[in-house]
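Residues per chain are reported as follows:
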Amino acid sequence: MNLSLPAILAQTALLLLLAPLLSGLIRNWKAKLQNRRGPRVWQPFFDLMKFWRKDMVISEHASWIFAATPYVMFVTALSAGLLAPMVTGQAPLGLFGGALALVGLLALGRFFLALGGLDPASPFGGMGSSREMTIAAMAEPAMMLAIFTLAIAAGSTSLSQIVLASQGPGWKFLDPSHALAFTAMFLVLLAETGRIPVDNPATHLELTMIHEAMLLEYSGRYLALIEWGASIKQLVLMTLLANVFFPIGLAPETTPAAFALGALYLAAKLLALAGAVVLVETCNAKLRLFRVPDLLSAAFVLAMLALVSTFLFK
Amino acid sequence: MILSPTPLLIVSLCGYALGALGGLLFLRREKLAAAFSFGVAALSALSGLLAGLLLLAGAPANPDGPLDLLPPLIPGITPLIPSLKLTVRLDALGAFFLVIVSLLGVAVSIYSLGYARGFFGRKNVGALGAFYNAMLLATALLFVADNLWVFLLAWELMALTAFCLVSFEHEKPETRRAGVLFFIMSHIDAGCVLLGFLLLFQASGDYSFGSLHNIGAAMSPGHRNAAFILFLLGFGIKAGVIPLHVWLPAAHPVAPSNVSALMSGVLIKAGIYGLTRVCFVFLGPPPLWWGVTILAAGTISAVLGVLYALMEHDLKRLLAYHSIENIGIILMGLGASLIFLCTGHPLLAALSLIAGMYHTINHASFKGLLFLGAGAVVHATRTRNMEEMGGLAKRMPETAFYFLIGAIAISALPPLNGFVSEWLTYQSLLQGFGVTESMWRLVFPLSGAMLALTGALAAACFVKAFGITFLAQPRSEHAAGAVEAAPAMRLGMAVLTAACVLLGLFPTAFVRLLDPLTQQLLGEQISRQLSLANGLALASLSAHPGTISTPGLVLTAVCLLPIPLVLWLMFARKARTRRGPAWACGQPGLTPQMEYTATGFSKPVRMIFKALFRPRRDVQREYDFSPYFATNIRFESHIEEVFVEQFYRPLRILILRVSRRVRALQAGSIHAYLLYIFVTLLLLLLFAL
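Residues numbered from 1 in each chain as written. Chains lettered and ligands numbered in written order. Predicted model: local features only at pLDDT ≥ 70, side-chain atom pairs only at ≥ 80, totals over all residues.

Describing the overall build of chain A
Note the cut-off: Secondary structure elements follow DSSP: runs of H or I no shorter than four residues count as helices, runs of E no shorter than two count as strands, and numbering proceeds from the N terminus. The burial label depends on the number of other C-beta atoms within 10 Å of a residue's C-beta. Counts of 20 or more mean buried, 12 or fewer mean exposed, and intermediate counts mean partly exposed, with C-beta atoms placed from the backbone. What counts as a contact is two residues whose backbone-derived C-beta atoms lie within 7 Å of each other.
Check the secondary structure of chain A and you find 11 helices and 1 strand. Put simply, chain A runs from its N terminus to its C terminus through helices and strands in the order α-α-β-α-α-α-α-α-α-α-α-α. Expressed as a percentage of its 314 residues, the buried residues of chain A come to 62%. Put simply, of all contacts in chain A between residues at least 6 apart along the chain, 78% involve residues at least 24 apart.

Below, the structure written as structure tokens:
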């Protein structure tokens, strides 16, 4: 439970660099599946660099909330990332909070982002905020039930402890409660990261936007921070899913070789998960807004079944 | 020594009495009356705050036993009934609630020094000050009462003074109706509480609280359960538990905002206090269904409260519905605690009780803060309708900042106090799953999921409340011309903001103050087990504890903040920032009418929960040649509050119908009345024989 500075710094760097890469990868694969050539995998880095150098235009009606939002969004996503175990089974800042704190930090970022959407007085921003908060509210109970299922099995909400418990003796993924909880969490992941069928990250039509509508008035370095923060959030949630449900290959000791192996395993798991997201995005159309609650209540029911099966199949 | 709890308590009680008297004495000189009564109230509250904190920090109450207030008040009096004593006693539970009322008392009294100016020349400020002090006196007295008489007296006095304060602006019909509703409901609750206490009195034969201790063990199960139900109804009405909440969203908004803050922060907590005292001290070991009932009632109140709050565009009504939600969260902690007590897990019971109590003081501080902020906003814009506000963050920057802190805290977002107490609630619900083998244990994770839904909807609601009120363009002339609140008002809000931040950042220090309380009610002290890494982190009670460290999270965020700043220096030094119009699809100029409204913001939720709200909307267009080119559109939208429509309205119709029949008895003829008296006399004589 002690804090080690090298681990914190390494994980921060990993989060900062891996997040845009993962976004680029998903975008590239998606294009390939749709018979397009698609942008390079590194494109998000170039985009971020470009945004950082650009001038900013800020709505004349915006207040200081608009300026604070990118920083809050970026810092909360990064802090949430430090609470999750990535390469080793131990999260660098696991003492500061577990699953609930991670969810809370991401929610704080979302809270500010929604305010930032309302602030410039543009009707699109308000629409995005309204939809984002509604979908988040629908996703939250499913996510919490899934977390409860894991936490009950582990006897703790500490993520390191949850990972340790699902490592356990034997291959836990065949456990029905784990499989059901994973499915529920995967649906929540799609909603939380704004993926088809909930939201379309590539849309250019204001009326169908959710996440993008809130960013409509952002430009320059503020946009860079928010885009970066959003991709870190996506990385954190995907890492969480990968490590909690497939806890294989997490570095057991602190040697460079173990770290390298752990990193390789993490990369493999993330690639597989990204592949799944890409497949879902390609095979589905975006749902109408009022059909999204159906999807998320399906996630809730799955999580509930997961919970019930923890004591039915004991 | 003056700096010990009991003298400070006496000073505080006398101070409130003096403040009330002063308000009445200076009725004609309103500036003096306001300064005197609210100034004295602030000082008395400070003294009460010290008394409560000292006792919780371990200073002994002196004298330790009950203290009779009557002899020093009126020397040489011998009461007609010897057991009729005016005894008070400061114990840990009472001291904790005394801290809550006093904390709010300090902040709200300072705020009122500025706020009362809005009534000068218009309303009777002396009366406001007098009733305000009287209500604080009654509430403080209620929390330290050691005798049924004192408790019921304070309970009634609290209801009456609150009624007078709610009806303060009685020239508005809406206020009068809310006042009458509050009056009726508070007398139903007083009746239930009285009946409950009569059942307890029957078993004990004495009025003092000492003799009622664990009296439930000596009662028959039927009486015990009846008493529990009566107390649940009585205290539930006061606390605003759904479906007994109807008075709350009516009464809180119409009261002056300083009173709303006090009512929401303290008055409804009196219900929580009563329920805690009765369930943990008087009624003895609880059966399982008590805890399950309270947990379920709490869950329902939390979810429905926040859903109705989302539908509101009256800022103060929105906050009132959030009080119902938060009472629900508090009850989740209390209910879980009773279940643990029943299944023989005193440590977990202490954890849940701490979660509930922590949320009680948190709710008092952030809801008080939000009501004070709403008061400042309503004062500046002269409306409670959020659709006519907007753009206030630029016009009232300090108020906006305080309101934002309150909004983050109530949405249970880290690192503020709401997050800490909800985290504790989650932890206790999580551990509830393992304590019993029956299907009842599914209640715990389901409540947890509903708590998550509540938290997320609360966040949505406060994005709406803050965003529509303070951000974007002003939607009316009054909002455009709004100015920052008076310094005293800002100071009052700053006090509560500080409370929210401190309670959020130093939870391990605060739970140590709750040790005497859990010791008194459950015989356990767990603050040591809850604190990890020298008090840096709060831990749950399991073998592999979940941990949370709000100071750690803040520290992390502060350490990470240089990353964007360094990048800024590296890349963006040459970038310029320009102000420009927002994107409007190429149309010239955005007008306030184009902004997202509060009603529009909550529309997705309204549609998703259509079955609950049964929204009705009515659109009328006037047009010349095509409905798509309307010259005038009128839009109306209503939702139905299911309990009011399905339960209270039929009940009211029934009562009116019965009373119309009964009215025939009161014919106005003296002969008939004489006949009634004669018949009654005959009947009584027959019974006597």
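Considering the overall build of chain B
Each helix and strand in chain B was counted, giving 30 helices and 8 strands. Principal axes of the C-alpha set define a box for chain B whose edges measure 95 × 75 × 60 Å. Burial statistics for chain B: of 689 residues in total, 56% are counted as buried. Look at the contacts in chain B between residues 6 or more apart in sequence, and 78% of them connect residues 24 or more apart.

A closer look at the sheet that holds strand S5 (residues 547-548) of chain B
In plain terms, the rule: Two strands qualify as a pair provided DSSP detects at least 2 bridges between them.
In spatial order, the strands read S3-S4-S5 (chain B); together these 3 strands make up an open sheet with antiparallel pairing. The open sheet has two free edges, formed respectively by strand S3 (531-532) and S5 of chain B, since each of these has just one partner strand.

Regarding the packing of helix H13 (residues 315-342) of chain B against helix H14 (residues 346-381) of chain B
When two helices pack together, their arrangement is given by the angle between the helix axes and by the axis-to-axis distance. Residue and element names in this part refer to chain B. Operational definition: Inter-axis angles, ranging from 0 to 180 degrees, are taken between N-to-C directions of lines fitted to C-alpha atoms, where helices are fitted over the stretch in contact. In these notes the angle categories are as follows: under 35 degrees is roughly parallel, over 145 is roughly antiparallel, 65 to 115 is roughly perpendicular, and the rest is oblique. Amino acids outside the nonpolar list (Ala, Val, Leu, Ile, Met, Phe, Trp, Tyr, Cys, Pro) and the charged list (Asp, Glu, Lys, Arg) are all regarded as polar, and Gly is one of them.
Packing of H13 against H14 leaves a shortest axis separation of 7 Å and a crossing angle of 170°. If you check the angle between H13 and H14, you find them roughly antiparallel. In terms of residue class, the contact of H13 with H14 is built from 18 nonpolar, 10 polar and 2 charged.

Details of the nonpolar core
To keep it simple, the criterion reads: Put simply, a nonpolar core is a cluster of buried Ala, Val, Leu, Ile, Met, Phe, Trp, Tyr and Cys residues tied together by C-beta atoms within 7 Å.
Judged by nonpolar contacts, the single largest core of 367 residues is most densely connected at A:Ala142, A:Ala146, A:Ala184 and A:Ala303. Looking at this core, the element that brings in the most residues is H14(B), giving 21 residues. If sequence neighbours within four positions are ignored, A:Ala184 has contacts with A:Ala142, A:Ala146, A:Ala299, A:Leu302, A:Ala303 and A:Ala306.

Considerations on the interface of chain B and chain A
Opposite the 69 residues of chain B that make contact, chain A presents 68 residues. Partitioning the side of chain B that touches chain A into residue classes produces 48 nonpolar, 16 polar and 5 charged. As judged from the 4 bridges shared by strand S1 (residues 56-59) of chain A and strand S6 (residues 577-580) of chain B, these two strands associate in the parallel manner. By the bridge assignment, A:Ser59 is partnered in S6(B) with B:Gly580.

Description of helix H5 (residues 123-154) of chain A
Residues and elements named next belong to chain A. Quick note on the threshold: Given the number of residues in a helix, its expected span is that number minus one, multiplied by 1.5 Å. Axes are fitted to the seven residues ending at a residue and to the seven starting at it; the angle between these axes is taken as the bend at that residue.
If you check H5, its first and last C-alpha atoms are 46 Å apart, about what 32 residues at 1.5 Å a residue would give, namely 46 Å. The sharpest bend along H5 measures roughly 30° and falls at Ala139, with the proline Pro141 sitting one to four residues further on. Gly155 occupies a position one or two residues after H5 and carries a positive phi of about 70°.

With respect to the domain arrangement of chain B
We count it as follows: Where each domain begins and ends follows an automated or database-derived domain assignment.
Taken as a whole, chain B is organised into domain 1 (285-549), domain 2 (609-638) and domain 3 (643-688). Summarising the inter-unit geometry, the C-alpha centres of domain 1 of chain B and domain 3 of chain B are found 46 Å apart.

Structural notes on the confidence of the model for chain B
All names here are of chain B. Test applied: Per-residue confidence from the predictor is given as pLDDT, running between 0 and 100.
Within chain B, residue pLDDT values average 90, and 97% of them lie at 70 or more. The spread of mean pLDDT over the elements of chain B runs between helix H3 (residues 70-73), the lowest at 68, and helix H16 (residues 397-410), the highest at 96. Confidence metrics for the complex model read pTM 0.94 and ipTM 0.95.

Some details on unusual backbone geometry
Cis rather than trans, the peptide bond between A:Ile196 and A:Pro197 has omega equal to 10°. Tracing the backbone through its elements, the reader meets A:Pro197 in the loop between helix H7 (176-192) and helix H8 (211-214). With an omega dihedral of 5°, the bond running from B:Pro414 to B:Pro415 counts as a cis peptide bond. Here B:Pro415 lies in the loop between H16 and helix H17 (417-432). Phi is positive for B:Cys585, close to 55°, though the residue is something other than glycine. Note that B:Cys585 resides in the loop between S6 and helix H26 (598-601). The exposed category is assigned to B:Cys585, around which 8 C-beta atoms lie within 10 Å.

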